[in-house]
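Commentary on secondary and tertiary structure
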Amino acid sequence: MTRARSRLLGRTAGTRLMAMATTLALGAVAACSGGGSGSSHGATIFWHGYTGQEAKEIAALGQEWNQAHPGQKVNVTFAGSNDDALKKTLGAFVSGKTPGVAYEFGSSITTLAKRPQTQDLTSLVKGAPEFKWDDFFPAARQAATTPDGKIYGVPALVDNLALVYNKKMFDAAGLSYPTPSWTWTDFQNAARRLTDAGKKRYGWAYVNDGTEDTVWRFLALLWQAGGDLLTPDGKKAAFDSPAGLAAMQLLHDMSVTDHSVYLDGGDQQYLNLFNSGKIGMMWTGPWDLSSITKDVPYGVQILPGKVTHATIAGPDVYMLFNKSDRATAWAFLQWLTSPEVHLRFATATGDLPLRQSETQLPGYQQFLKKYPGDKVFVDNLAKNATKSRPNIPEYSKISQALGLAVQAVLLGKAQPQAALDQARDEVNSVMAGA
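Now for a look at the structure at hand. All figures in this text were calculated on a predicted structure; none of them were measured in a lab.

About the cut-offs
- Residues numbered from 1 in each chain as written.
- Predicted model: local features only at pLDDT ≥ 70, side-chain atom pairs only at ≥ 80, totals over all residues.
- Heavy atoms only, no water.
- Helix = DSSP H or I, 4+ residues; strand = E, 2+ residues; numbered from the N terminus.
- Rg over C-alpha atoms; globule rule 2.2 N^0.38 Å.
- Buried < 20%, exposed > 50% of the residue type's maximum accessible area, 1.4 Å probe, protein only.
- Contact = heavy atoms within 4.5 Å.
- Lys, Arg positive; Asp, Glu negative; His and termini not counted.
- Charge placed at Lys NZ, Arg CZ, Asp CG, Glu CD.
- Phe/Tyr/Trp six-rings, centres within 6.5 Å; stacked < 30°, edge-to-face > 60°.
- Lys NZ or Arg CZ within 6 Å of the ring centre and 35° of its normal.
- Axes fitted to C-alpha atoms, helices over the stretch in contact; angles between N-to-C directions.
- Parallel < 35°, antiparallel > 145°, perpendicular 65-115°, else oblique.
- Left-handed = near helix turned anticlockwise from the far one by under 90°.
- Nonpolar A, V, L, I, M, F, W, Y, C, P; charged D, E, K, R; others polar.
- 1 Å grid on protein atoms, 1.4 Å probe; cavity = no way out; pocket = protein on both sides within 12 Å on 5 of 7 lines; lining within 4 Å.
- Points joined across faces, edges and corners; volume = space filled by probe spheres on them.
- Polar contact = N/O pair within 3.5 Å; in protein donor to acceptor, adjacent residues only side chain to side chain.
- Pairing = 2+ DSSP bridges.
- Right-handed = clockwise from strand over helix to strand, strands pointing away.
- Core = buried A, V, L, I, M, F, W, Y, C linked by side-chain atoms within 4.5 Å.
- Salt bridge = Lys/Arg side-chain N within 4 Å of Asp/Glu carboxyl O.

Below, the discussion takes up the overall build of the protein chain. Counting its regular elements, the protein chain contains 19 helices and 11 strands. For 434 residues, the compact-globule estimate of 2.2 N^0.38 gives 22 Å, and the protein chain sits close to it at 22 Å. For the C-alpha atoms alone, the extent of the protein chain along its principal axes is close to 65 × 55 × 40 Å. Residues counted as buried form 56% of the 434 residues belonging to the protein chain. For the protein chain, contacts bridging at least 24 residues in sequence account for 75% of all contacts bridging at least 6. For the protein chain, the distance from the average site of its 42 positive side-chain charges to the average site of its 38 negative ones is 2 Å.

Next up, the structure:
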């Protein structure tokens, strides 16, 4: 799993990780924190899991901040993979060696918000009009906010899905390239024409291991059809609806009837097959673009639509933990996520802009010149990333039930309505606390 892709999926096993936290080998975490409740030699500890160019850039920005703010120094510290951020943070709570601020998956908020070390940022955000909270893309704000309206994070990253297609395969099939007005019918017909069973070529790929990797593509389909995951009060399943049935039926028809879908077992072979001309279309994010080989001409378009062209975003956040570090951490994060500073970071790393105002800065054209395929993903954030997965403790169980339902339909082991009904009953049981 690639770095950015794992961030989009997030982690939904918060309860299990909380149980694991008490058995962690805390020595490594304590070493990262430098000892002493989030500060080291008077500096606020900033944990991250960035690697490569991102690690280089965040370190440089940390140095830049420290030089300009000698009284509010930040110790930028690599604390291991972002995949393990929640586990390490919970372990730090046990050891008492808690960082002042840390990069966390957006899905971790439901677990961390319950802990006394986690700082509620609502008053800081709403009390600082110059911070311009509404300037962050909606999906980024949603990931930092709990259902009761409390803000526990500052947006750190936001991604989303778009349609990436192989132009060479479209040309060979005599197909016009996807357009912004593409419908599900256009998409299904193109996938069918791109498929050649004898040559083991497929029109589309779908990760079908039953995990969240399976679910978030279905959620995009559900939203495109005008549906929702839960009822407005958040107490019952809402996906067993005409919209949910339409989404499930499309998956069934493309996989079972048309045989136009390569079902990836979770080992992410779809990208290798795309590079080798065996898959014509992917629903993926900007993280995969750099792995497409130079001999593969590709295009990027918004996802096909039914009622809307909804996509799904995968935002992550910076969270504050020590009250004693709060002032420095908050000041640093305001600067780090300011339009000018973050656009510099995005241009150096390929991360998408976090704020709408970044797209109005002169440097944005340099960003697009360097990453031309990212324009669709940025436009998606403003136009099509309007809904998000709920920040509720039950989400992991909801995802599990829905993932198995989608998997069964794609494999032809269950009919769409029956799969929806079973998943609905399981989710309603979960939401009722059974």
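Turning our attention to the packing of aromatic side chains. Tallied over the full model, the rule gives 25 aromatic pairs. Considering the side-chain rings of Y50 and F345, the 5.8 Å spacing of their centres and the 55° angle between planes classify their relative orientation as tilted. Of the two residues, Y50 is situated in the loop between β2 (43-48) and α4 (52-68) and F345 in helix α15 (residues 339-349); the sequence distance between them amounts to 295 residues. For the residue pair Y50 and F345, the accessibility class agrees, reading buried in each case. Ring centres of F187 and W283 lie 5.6 Å apart, and the angle between their planes is 40°; this geometry places the pair in the tilted category. Here F187 is found in helix α10 (residues 184-194), whereas its partner W283 is found in strand β9 (residues 279-284), with 96 residues between them in sequence. Across the pair, W283 and F187 agree in class, each one buried. Its guanidinium or amino end placed over the ring of Y206, R217 lies 5.7 Å from that ring's centre, counting from NZ or CZ.

Bringing the packing of α10 against helix α12 (residues 242-257) into the picture now. Running from amino to carboxyl end, α10 crosses α12 at an angle of 15°, the nearest separation of the two axes being 11 Å. One way to sum up the angle between α10 and α12 is to call them roughly parallel. The way α10 lies across α12 gives a crossing that is right-handed. Packed against α10, whose contacting residues are W184, F187, Q188 and A191, the element α12 presents A246, A247, L250, D253 and M254 at the interface. Considering only residue class, the contact of α10 with α12 consists of 7 nonpolar, 1 polar and 1 charged.

The next point concerns the packing of α4 against α15. Between α4 and α15, whose axes approach to 9 Å, the crossing angle comes to 150°. By the angle between their directions, the pair α4 and α15 is classed as roughly antiparallel. Helix-helix and strand crossings are classified by hand; for α4 and α15 the assignment is right-handed. The segment α4 lies against α15, with Q53, E54, E57, I58, L61 and E64 engaging V341, R344, F345, A348 and T349. The residue inventory of the contact of α4 with α15, partitioned by class, reads 5 nonpolar, 2 polar and 4 charged.

So, on to empty space enclosed by the protein. Rolling a probe over the atoms, with the probe sized like a water molecule, indicates the empty space that remains. For the coordinates displayed, the defined rule picks out 3 cavities of 30 Å³ or more. Estimates place the volume of the largest cavity at around 60 Å³. W47, H48, G49, A79, G80, S81, N82, A85, K88, T89, A102 and Y103 together form the lining of the largest cavity. It is helix α5 (residues 85-95) that provides the largest number of residues to the lining of the largest cavity, a total of 3 residues. Approximately 50 Å³ is the volume attributed to the second largest cavity.

Note that Q360 resides in the loop between α15 and α16 (363-370). For the pair Q360 and A139, spaced 221 residues apart in sequence, the C-alpha separation works out to 19 Å. One polar contact links Q360 to T359, side chain to side chain, over a distance of 3.2 Å.

The pairing of β2 with strand β3 (residues 74-78) spans 5 bridges and is classified as parallel. Bridge pairing in β3 places W47 opposite T77. In this view, the connection linking β2 to its parallel neighbour β3 by way of α4 has right-handed handedness.

If you look at the biggest cluster of nonpolar residues, it comprises 77 residues, and the most contacted ones within it are F46, Y318, L333, L336 and F367. If sequence neighbours within four positions are ignored, F46 has contacts with I58, V74, N75, V76, T77, V101, Y318, F332, L333 and L336. Core analysis: the next-biggest nonpolar cluster, separate from the first, contains 56 residues, L194, A237, Y395 and A423 among them.

Turning our attention to the pattern of salt bridges. In the structure shown here, the tally under the stated rule is 12 salt bridges. The partner of D135 in a salt bridge is R355, with the nearest N and O atoms 3.3 Å apart. Within this pair, whereas D135 is found in the loop between α7 (122-126) and α8 (138-143), its partner R355 is found in the loop between α15 and α16, the two being separated by 220 residues in sequence. Comparing D135 with R355, the two get one shared label, buried. When salt bridges that share partners are traced, they join D240, D421, R424 and D425 into one network.

Bear in mind that shape data such as this cannot, by itself, settle questions of function.
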